[in-house]
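# Architecture and fold: a report
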Amino acid sequence: MTAPTPSPALPFFSRKKGEGDRRSGGGWDRRATFWLIYLPPLFWLIVFLVLPVLFMALFSFRPDMRGNLFQSWTPTFDQYINVTSTGSYWRLLGISALTAFAIGLSAVVFAYPLAYFLVFHAGTRTAFYLVLLLIPFWTSYLLRIMAWKILLGTEGVINSFLIYVGLIQDPLPALLYNRTAVILTLIYVWIPFAALPIFAALQRIDPALFEAAADLGARPFHQFVRVTLPMSAPGVLAAFFMVFIPTVGEYVTPLLVGGSRGFLYGNIIQDFFTKAANWPLGSALSMIMLAATLILVLLATRLINWRQLFE
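Here is what the cut-offs are and how they apply
Residues numbered from 1 in each chain as written. Predicted model: local features only at pLDDT ≥ 70, side-chain atom pairs only at ≥ 80, totals over all residues. Heavy atoms only, no water. Helix = DSSP H or I, 4+ residues; strand = E, 2+ residues; numbered from the N terminus. Buried < 20%, exposed > 50% of the residue type's maximum accessible area, 1.4 Å probe, protein only. Contact = heavy atoms within 4.5 Å. Core = buried A, V, L, I, M, F, W, Y, C linked by side-chain atoms within 4.5 Å. Salt bridge = Lys/Arg side-chain N within 4 Å of Asp/Glu carboxyl O. Polar contact = N/O pair within 3.5 Å; in protein donor to acceptor, adjacent residues only side chain to side chain. pLDDT = per-residue confidence, 0-100. Phe/Tyr/Trp six-rings, centres within 6.5 Å; stacked < 30°, edge-to-face > 60°. Axes fitted to C-alpha atoms, helices over the stretch in contact; angles between N-to-C directions. Parallel < 35°, antiparallel > 145°, perpendicular 65-115°, else oblique. Nonpolar A, V, L, I, M, F, W, Y, C, P; charged D, E, K, R; others polar. Patch = residues over 30% accessible without salt bridge, like charges linked within 9 Å, V, L, I, M, F, W, Y side chains within 5 Å. Areas by Shrake-Rupley, 256 points an atom, 1.4 Å probe, with all protein chains shown as cover.

So, about the overall build of the protein chain. Of the regular secondary structure elements, the protein chain holds 14 helices and 0 strands. In the protein chain, which comprises 311 residues, the proportion classed as buried is 33%. Put simply, of all contacts in the protein chain between residues at least 6 apart along the chain, 67% involve residues at least 24 apart.

As structure tokens, this is what we get:
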């Protein structure tokens, strides 16, 4: 009579001693590592982004600047009523949104060929060219803006060259202190930022897809339209919104190269916080700009089928 074989349903007795403890300990280590990595950036995000926005939102309901900063006051909608009843604020916000749209679109158009070259044609020199692309980040933002002010000024490089070659007799003052100068400068500033998400999206495309498209008779142009462009659409959209969102509230560049004719919505907010010392009204203008920008982004991401549009 043969002895019965051990039942396979009893794996507990076959475990080595301490194996369960090691598994539970490994799970605890993973949770501890997760919170150790997750909590510091969450703390910085709350302290330096969420809390300032909340304070600004609360401050927008303050009636005036009388009293101490933390003195008790009665909430009011007077600042929002003031903004909504003043058409110049809305007109300037619309101009700023259209300007940001033009800058974002132009930056993406110029950055896409650059990212395409880095991914598909740079070869072993991709890292070197990528470093060259990031070199502008090593210098001060204000220094780059001032460089464009020197280029576009009446005694700048462009006017001096045009006078030297005899194309003009007097300097062209229209090159500086207008909205065109603001657009040109911001396009230059944002091109490296726009190229990075497009570069990352293009890198994720499997080269086998191009071989399959070629086997099916697709020419290079059709491969780009049917394969490359649709699959890089997420990077293109990310690049556009990375440029569009901060440009709506831009005030440094319009202040330096735009002058009084190149003011944007952010300059009005900056004036209320600094020159007029009207923080409640500046906060209300900021919250309206934030809400309008979020609504535009949500509408663009929810209502438009971007993949079908690119195809």
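Now that the structure has been shown, we can carry on.
Here we take up the nonpolar core. Among the nonpolar cores identified, the biggest contains 56 residues, and Val83, Ile198, Tyr265 and Leu285 are the most heavily contacted of them. Element by element, the count of residues in this core is highest for helix 7 (residues 179-203), at 12 residues. The residues touching Ile198, leaving out its near neighbours within four places in the chain, are Val108, Ala111, Tyr112, Ala115, Gly235, Val236 and Ala239.

Right, let's get into the pattern of salt bridges. Going through the model one piece at a time under the given rule, you end up with 1 salt bridge. Between Asp271 and Lys275 there is a salt bridge, with the nearest N and O atoms lying 3.8 Å from each other. The class for Lys275 is exposed, based on a relative accessible area of 69%.

Structurally, the position occupied by Ile46 is in helix 1 (residues 19-59). Judged by its relative accessible area of 37%, Ile46 is partly exposed. Not counting the four nearest positions on each side in its chain, Ile46 is found in contact with Leu51 and Pro52.

Here Gln79 is to be found in helix 2 (residues 78-84). On the basis of relative accessibility, which here comes to 7%, the residue Gln79 falls in the buried class. C-alpha separation for the pair Gln79 and Ser60, spaced 19 residues apart in sequence, amounts to 6.7 Å. Apart from the residues within four sequence positions on either side, Gln79 is in contact with Ser60, Arg62, Pro63, Asn278, Pro280, Leu281 and Ala284. A polar contact is formed between the side chain of Gln79 and the backbone oxygen of Arg62, at a distance of 3.3 Å.

When pLDDT is averaged across the protein chain, the result is 86; 87% of the residues are at 70 or more. Confidence, expressed as mean pLDDT per element, reaches its minimum in the protein chain at helix 14 (residues 306-310) with 59 and its maximum at helix 3 (residues 87-120) with 95. Scored below 50 in pLDDT, residues 7-23 shows 1 contact in the model against residues more than four places distant or in partner chains.

Following the criterion strictly, the structure yields 22 aromatic pairs and no others. The rings of Tyr112, Tyr116, Phe120, Phe210 and Phe224 are connected pair by pair, giving a single aromatic cluster.

Take the side chain of Thr126 next. Positionally, Thr126 belongs in helix 4 (residues 126-134). In this structure Thr126 comes out as buried when scored by relative accessible area, which is 15%.

Another aspect to go through is unusual backbone geometry. What is expected of a backbone is that most residues other than glycine have negative phi and most peptide bonds are trans. With phi around 60 degrees, Tyr177 is a residue other than glycine that occupies positive phi space. Looking at the element boundaries, Tyr177 is found in the loop between helix 6 (157-164) and helix 7. Here Ala277, not a glycine, exhibits a phi torsion of approximately 55 degrees, which is positive. With respect to the secondary-structure elements, Ala277 resides in the loop between helix 12 (265-274) and helix 13 (279-303). Take Ala277: its relative accessible area is 40%, and that puts it in the partly exposed class.

Bringing the packing of helix 3 against helix 9 (residues 220-231) into the picture now. The interhelical angle for the contact between helix 3 and helix 9, taken along N-to-C directions, is 90 degrees, at an axis separation of 13 Å. In terms of orientation, helix 3 and helix 9 fall into the roughly perpendicular class. Listed contacts from helix 9 to Tyr112, Tyr116 and Phe120 of helix 3 are Phe224, Thr228 and Leu229. When grouped by side-chain class, the residues that make up the contact of helix 3 with helix 9 number 5 nonpolar, 1 polar and no charged.

In this section: a nonpolar patch on the surface. Taken together, the side chains of Leu45, Ile46, Leu49, Val50, Leu51, Val53, Leu54, Phe55, Leu58, Leu290 and Leu294 present a nonpolar region at the surface, about 920 Å² in accessible area. Contributing elements (two or more residues each) for the nonpolar patch: helix 1 and helix 13. Looking at where Leu49 falls in the secondary structure, it is placed in helix 1. Given a relative accessible area of 46%, Leu49 falls into the partly exposed group.

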